[in-house]
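# Structural description and commentary
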Amino acid sequence: MAEQRFGRSRRDFMRVAVTAASTASLPWLGAGEAHAQGSPGAPASGGVTSTAASSTSGIAPARGTRLILLGTKGGPTPSALRAAPANVLLVDGQPYVIDCGNGVALQLTKAGVKLPMVRDIFLTHHHSDHNADLLNLVFLAWASGLQTPVHLYGPPRIGRMVDDFVDMNEIDLDVRRREEGRPAFRPLINVHEFDGPRVVLENDQVRVSAALVDHYTIKPAFAYRFETRDRTIVFSGDTRYYEPLATFAKGADVLVHEVMYLPALEKLISTADNAPTLRDHLLRSHTTTEQVGKIATAAGVKTLVLSHFVPGGDPSITDDMWVADVRKDFAGQIVVGKDLMVL
Ligand SMILES: [Zn+2]
Ligand SMILES: [Zn+2]
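Residues numbered from 1 in each chain as written. Chains lettered and ligands numbered in written order. Predicted model: local features only at pLDDT ≥ 70, side-chain atom pairs only at ≥ 80, totals over all residues.

### Here's the deal with the overall build of the protein
- Of the regular secondary structure elements, the protein holds 11 helices and 14 strands.
- Looking at the protein residue by residue over its 343 residues, the buried ones come to 47%.
- The contacts in the protein between residues at least 6 apart in sequence include a share of 68% that link residues at least 24 apart. (Helix = DSSP H or I, 4+ residues; strand = E, 2+ residues; numbered from the N terminus. Buried ≥ 20, exposed ≤ 12 C-beta atoms within 10 Å, placed from the backbone. Contact = placed C-beta atoms within 7 Å.)

This is how it looks when you write it as structure tokens:
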């Protein structure tokens, strides 16, 4: 892809990559601290990136596309290490939210995204680590001053979640509308449910398409492809090793893919009576480190961002351990995702 097509954001992105390489041996630094460790202008390191970091403020282009990983831990149980699954793309400053795990509003706020700016929210599937805060996010945006319509995209039952949320929070919604002068909550929400592949949204900033992935018994489960003026970014959602995803992600600049570190899980489940069943369940639901590399290579993506770590709360699994088996098959840049990382 031509350099000029990326413009400033391409150069910024490369700067993040260089920063990443130079901080590879450091423990994770908070957003803002890590950025200072970079050495912009240094030659890229051959795409060997085991960790990356940048600030949310240091590379904020008013125009162009930025990806912020809001939460990178798979599964619903809270962890001090990583927040629940959520991402946001900023296209010319406009947020597009992908998945709403517990704490998504707080993570957006930490990332510097103004909640009333939220307009389009995409769900990959109905596991609670991805949908738990869908309506909480809309509500907190509303309580923060949202006046404009919000669009929720994803599998069937989102409309039912909206209705149940409104019912459950009737007292609060009514009181705030009357006493704080807020607009009626429910009419602001537009639901767009679908159960198969399609173009989900197309406007002057982005074209968003959805494809089915295979997340065992959770159906439908979607991957999303975002094509903007300067970049193409694909989110795997939750899926087992699924070759058609490589076709869907073909030629993308960035593939954000879920990942599972099987050795750690096998250690965990080895003592369980139902270990073979559990192992089978995991392999039918998620993608191992080794399989992620194969998908990224088949897709021909430039950068693979590992996220939705399973297990995501185990500090003994180092970045190098996450990368080792991915690297066997993928020669491009690998980023071990961290919460609030900007790419
Ligand atoms: Zn998940
Ligand atoms: Zn899931």
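Past the structure itself, the notes keep going.
### What about the confidence of the model for the protein?
- Within the protein, residue pLDDT values average 86, and 82% of them lie at 70 or more.
- Counting contacts from residues 1–59, a segment whose pLDDT is below 50, to residues more than four positions away or on other chains yields 98 contacts. (pLDDT = per-residue confidence, 0-100.)

### A look at the sheet that holds strand β14 (residues 341–342)
- Pairing within the open sheet is mixed, and its seven strands lie in the order β6-β5-β4-β3-β2-β1-β14. The open sheet has two free edges, formed respectively by β6 (189–193) and β14, since each of these has just one partner strand.
- The pairing of strand β1 (residues 65–71) with β14 spans two bridges and is antiparallel. Bridge pairing in β14 links Ile68 to Val342.
- The strands that helix α5 (residues 158–168) touches are β5 (150–154) and β6; relative to β6, the one it contacts most, it runs at about 150°. (Pairing = 2+ DSSP bridges. Axes fitted to C-alpha atoms, helices over the stretch in contact; angles between N-to-C directions.)

### What to know about helix α6 (residues 170–179)
- The buried count for α6 comes to one of 10 residues, which makes it a mostly uncovered element.
- Directly after α6, the chain includes Gly181, whose backbone phi takes a positive value near 70°.

### Looking at the sheet that holds strand β12 (residues 303–310)
- The strand order across the open sheet built from seven strands is β7-β8-β9-β10-β11-β12-β13, with neighbouring strands paired in mixed fashion. If you trace the sheet from one side to the other, it starts and ends with β7 (198–202) and β13 (333–336), each paired once. Here the strands of the sheet are splayed against their neighbours by 25° on average, with no regard to which way each runs.
- Bridge count between strand β11 (residues 254–260) and β12: seven bridges; the pairing is parallel. The residue bridging Val259 from the neighbouring strand is Phe309, located in β12.

### Focus on the packing of helix α8 (residues 262–269) against helix α9 (residues 275–285)
- It is the contact of α8 with α9, at a shortest axis distance of 10 Å, that shows an interaxial angle of 155°. With respect to their mutual orientation, α8 and α9 come out roughly antiparallel. Considering how the two elements wind past one another, α8 and α9 form a crossing that is right-handed. Between α8, through Leu265, Glu266 and Ile269, and α9, the contact on the second element is made entirely by Ala275, Leu278, Arg279 and Leu282.
- Partitioned by chemical class, the residues of the contact of α8 with α9 number five nonpolar, no polar and two charged. (Parallel < 35°, antiparallel > 145°, perpendicular 65-115°, else oblique. Left-handed = near helix turned anticlockwise from the far one by under 90°. Nonpolar A, V, L, I, M, F, W, Y, C, P; charged D, E, K, R; others polar.)

### Overview of the packing of helix α10 (residues 289–299) against helix α11 (residues 319–327)
- It is at 7 Å that the axes of α10 and α11 come closest, and there the two elements cross at 50°. Between α10 and α11, the crossing angle belongs to the class labelled oblique. In this structure, α10 crosses over α11, and the sense of that crossing is right-handed. For the pair α10 and α11, contact is made by Thr289, Glu290, Val292 and Gly293 and by Trp322, Asp325, Val326 and Arg327, respectively.
- Across the contact of α10 with α11, the residue classes tally to three nonpolar, two polar and three charged.

### Side note on the environment of Gln333
- Looking at the secondary structure, you find Gln333 in strand β13.
- For Gln333, a count of 23 C-beta atoms within 10 Å puts it in the buried group.
- Between the C-alpha atoms of Gln333 and Lys302, which are 31 residues apart in sequence, the distance is 6.4 Å.

### Description of the environment of Phe122
- Topologically, Phe122 is positioned in strand β4 (residues 120–122).
- C-beta crowding within 10 Å serves as the criterion here: with 25 such atoms nearby, Phe122 is assigned to the buried category.
- When the C-alpha positions of Phe122 and Asp99 are compared, they lie 5.9 Å apart, and in sequence the two are 23 residues distant.

### Quick look at α10
- Looking only at α10, the buried set comprises Thr289, Gln291, Val292, Gly293, Ile295, Ala296 and Ala299.
- Contacts made by the buried residues of α10 are with α7 (244–248), β11, β12 and α11.
- Immediately downstream of α10, the backbone of Gly300 shows phi near 70°, a positive value.

### Let's talk about the pairing of β13
- Here β13 shows a buried face lined by Gln333 and Val335 and a second buried face lined by Ile334 and Val336.
- Handedness of the β-α-β unit built from β12, α11 and β13 comes out right-handed. (Right-handed = clockwise from strand over helix to strand, strands pointing away.)

### Things to note about the pairing of β7
- Judged from the four bridges that link them, β7 and strand β8 (residues 206–215) form a sheet pairing that is antiparallel. Residue pairing across strands places Val199 opposite Ser209, the latter belonging to β8.
- The turn linking β7 back onto β8 is made up of three residues.

### Comments concerning unusual backbone geometry
- Lys219 connects to Pro220 through a cis peptide bond whose omega is -5°.
- As for its placement among the helices and strands, Pro220 is situated in strand β9 (residues 218–228).
- Here the bond from Val310 into Pro311 is cis, since omega is -5°, no more than 30 degrees from zero.
- Along the chain, Pro311 falls in the loop between β12 and α11.
- With a phi angle near 50°, Asp92 is a residue other than glycine that sits in the positive phi range.
- Looking at the secondary structure, you find Asp92 in the loop between β2 (86–91) and β3 (94–98).
- According to the C-beta neighbour criterion, Asp92 is partly exposed, with 16 such atoms within 10 Å.
- Even without being glycine, Asp99 reaches a positive phi, approximately 70°.
- Inspection of the secondary structure assignment puts Asp99 in the loop between β3 and α2 (104–110).
- Since 30 C-beta atoms lie within 10 Å of it, Asp99 is described here as buried.

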